[in-house]
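# Descriptive analysis of the structure
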Amino acid sequence: MSRLIFNRKISRILCSIRGQVNSLSSCRSLSSLALLPDTHRMLRQTIRDFTDQELKPIAAKLDKQETYPKEQIKKLGELGMMAVEVPEALGGSGLNCLAYAIGMEEISRGCASTGVIVSVNNSLYTSPLMAFGTDAQLEKWVKPFSNGDRVGCFALSEPGNGSDAGAASTTAKDMGDHWLLNGSKMWITNGYEAEAAIVFATTEKSLKHKGISAFLVPKPTAGLTLGKKEDKLGIRASSTCQLIFEDCKIPKENILGSPGQGFKVAMKTLDGGRIGIAAQALGIGQAALDCALEYSGKRDAFGAPIAKLQAIQMKLADMELRLESARLLTWQAAMLKDAGQPYTKSAAMAKLAASEAATFISHQAIQVLGGMGYVTDMPAERHYRDARITEIYEGTSEIMRLVIAINLLKEHQIM
């Protein structure tokens, strides 16, 4: 398929989806989860085709060489996948969260590293800007980051806080005409390639989490240095590093939201981000299941393909069950977000189910492949490595269970 024809095809699909966004927002019943609207199925097929042509053939090389997929990110930007929920006026696609989740799964099915790069720019960078940014901030910090030319990052975690997001030791001091940032941030995805960061810092320590504010920091900038690129188990084609602030001057107008609103910005952002990570996990799980299915149909043992063995069939059935269950939870969370309904619990359930499904499925895929699953000749071992992080970032599985339980108890007026 030529590039021109491909772009025309995606343009027609995106225009058709925009016309259905409003009607889809009110579609929340369980029956609506079983069948996607035609336009969303067309979008899924189009991104699937792109993934098969552009990502899947090079995913192993990107992983092995830890190479940032710059060209592919640019093409995804041209397809509208780098700013899915950003309005067209700001260079985005103007679509909804369900479209984002569908696209994220297909991208991650081909390359989980590319998936997380896309997820961070959508969920963790442009999303909080759209929710809390001023018109001037949107023009400066969103529009140039919508087409794949630039990506942003999200700097919340620190070496000493982990899941305790309210314990930010990075500080921002009001110097009258500017803010002065000092401290460090850890585990920052897109840290090396990002040209802007949303950074969370304490502006009033006595107020604890209510004394945290969010700031827009250009990269590079004086007073900001990068730590070493982390040598990771999986998602190796995406960069992860430390951001170190030493008397880093930030203009007063670069605060995102109001002073002291940073914790709220972070929590709202992570709620939506968990849908993106759930979709990434679905893509990894689907890729692992596809690998196991293909191998089981070709590998002969005892005079027949191993797919005919009940032991293998039981594994495949369990893998499919967990994957489809997690997919429905993910779509439900996306639909609730699109409908403007509370979705914190649903997003946590989706991320928990999808991430644990991806880990389980990729584990079982290696069992189906046996020795072939343990070598880099097959993608099964890469899926296994990529899946593991989905249970950790943007809220560990343990934190997800706490979020689910707390919201459940509140719903039943027990807390």
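Residues numbered from 1 in each chain as written. Predicted model: local features only at pLDDT ≥ 70, side-chain atom pairs only at ≥ 80, totals over all residues. Heavy atoms only, no water.

## Brief notes about the overall build of the protein
The helix and strand inventory of the protein stands at 14 helices and ten strands. Relative to the globule expectation of 22 Å for 415 residues, the C-alpha radius of gyration of the protein, 21 Å, shows essentially globular dimensions. Classification of the 415 residues of the protein by burial places 53% in the buried group. Long-range pairs, those at least 24 residues apart, make up 75% of the contacts in the protein with a sequence separation of at least 6. A total of about 18100 Å² of accessible surface is found on the protein, and carbon and sulfur atoms cover 55% of it. Averaging the positions of the 48 positive and the 43 negative side-chain charges in the protein gives two centres separated by 1 Å. (Helix = DSSP H or I, 4+ residues; strand = E, 2+ residues; numbered from the N terminus. Rg over C-alpha atoms; globule rule 2.2 N^0.38 Å. Buried < 20%, exposed > 50% of the residue type's maximum accessible area, 1.4 Å probe, protein only. Contact = heavy atoms within 4.5 Å. Areas by Shrake-Rupley, 256 points an atom, 1.4 Å probe, with all protein chains shown as cover. Lys, Arg positive; Asp, Glu negative; His and termini not counted. Charge placed at Lys NZ, Arg CZ, Asp CG, Glu CD.)

## Side note on helix H4 (residues 38-55)
Between the first and last C-alpha of H4 there are 25 Å, a value that for 18 residues agrees with the 26 Å anticipated at 1.5 Å per step. Every buried residue of H4 is accounted for by Thr 39, His 40, Leu 43, Thr 46, Ile 47, Asp 49, Phe 50, Thr 51 and Leu 55. (Expected span 1.5 Å × (residues − 1).)

## Thoughts on the environment of Ala 405
Residue placement: Ala 405 occurs in helix H14 (residues 397-411). With 166 residues separating them in the primary sequence, Ala 405 and Ser 239 have C-alpha atoms 33 Å apart.

## Some words on the pairing of strand E7 (residues 240-251)
Here nine bridges tie strand E3 (residues 178-189) to E7, and the two strands are oriented antiparallel to one another. Counterpart to Leu 180 in the pairing with E7 is Lys 249. Inspection of the sheet shows strand E6 (residues 224-226) paired to E7 by three bridges, in the antiparallel sense. Residue pairing across strands places Thr 225 opposite Ile 244, the latter belonging to E7. (Pairing = 2+ DSSP bridges.)

## A few points about the packing of aromatic side chains
Inspection of the entire model under this criterion finds three aromatic pairs. Judged by centre distance (5.1 Å) and plane angle (65 degrees), the ring pair of Trp 179 and Phe 215 falls under edge-to-face. With Trp 179 in strand E3 and Phe 215 in strand E5 (residues 212-218), this pair connects stretches of sequence that are 36 residues apart. Each member of the pair, Trp 179 as well as Phe 215, is classed as buried. Sitting over the face of the ring of Phe 145, Arg 150 holds its NZ or CZ atom 5.9 Å from the ring centroid. Geometry around Phe 360 places Arg 322 over its ring, the cationic atom sitting 3.7 Å from the centre. (Phe/Tyr/Trp six-rings, centres within 6.5 Å; stacked < 30°, edge-to-face > 60°. Lys NZ or Arg CZ within 6 Å of the ring centre and 35° of its normal.)

## Regarding the packing of helix H8 (residues 112-132) against helix H10 (residues 262-298)
Following both chains from N to C, one finds H8 and H10 inclined at 155 degrees, their axes separated by 9 Å at the closest point. In terms of orientation, H8 and H10 fall into the roughly antiparallel class. For the pair H8 and H10, the sense of crossing is right-handed. On the side of H8, the interface is formed by Ala 112, Val 116, Ser 119, Ser 123, Leu 124, Pro 128, Ala 131 and Phe 132, while H10 contributes Lys 264, Val 265, Lys 268, Thr 269, Leu 270, Gly 272, Gly 273, Gly 276, Ile 277, Gln 280 and Ile 284. Class assignment for the residues of the contact of H8 with H10 results in ten nonpolar, seven polar and two charged. (Axes fitted to C-alpha atoms, helices over the stretch in contact; angles between N-to-C directions. Parallel < 35°, antiparallel > 145°, perpendicular 65-115°, else oblique. Left-handed = near helix turned anticlockwise from the far one by under 90°. Nonpolar A, V, L, I, M, F, W, Y, C, P; charged D, E, K, R; others polar.)

## Concerning H10
For H10, with 37 residues, the first-to-last C-alpha span of 54 Å sits near the 54 Å given by 1.5 Å per residue. Largest kink in H10: about 25 degrees, centred on Asp 271. Burial within H10 is extensive, with 28 of its 37 residues counted as buried. (Bend = angle between axes of the 7 residues up to and from the residue.)

## So, the pairing of strand E4 (residues 196-202)
In terms of burial, E4 is a largely internal element, seven of the seven residues being buried. Alternating positions in E4 separate into two faces, Ala 196, Ile 198, Phe 200 and Thr 202 on one and Ala 197, Val 199 and Ala 201 on the other, with burial throughout. When strand E1 (residues 152-155) meets E4, the two strands line up parallel, connected through four bridges. Residue pairing across strands places Ala 155 opposite Val 199, the latter belonging to E4. Sheet analysis places E4 next to E5, joined by seven bridges and oriented antiparallel. If you follow Ala 201 over to E5, its bridge partner there is Ser 213.

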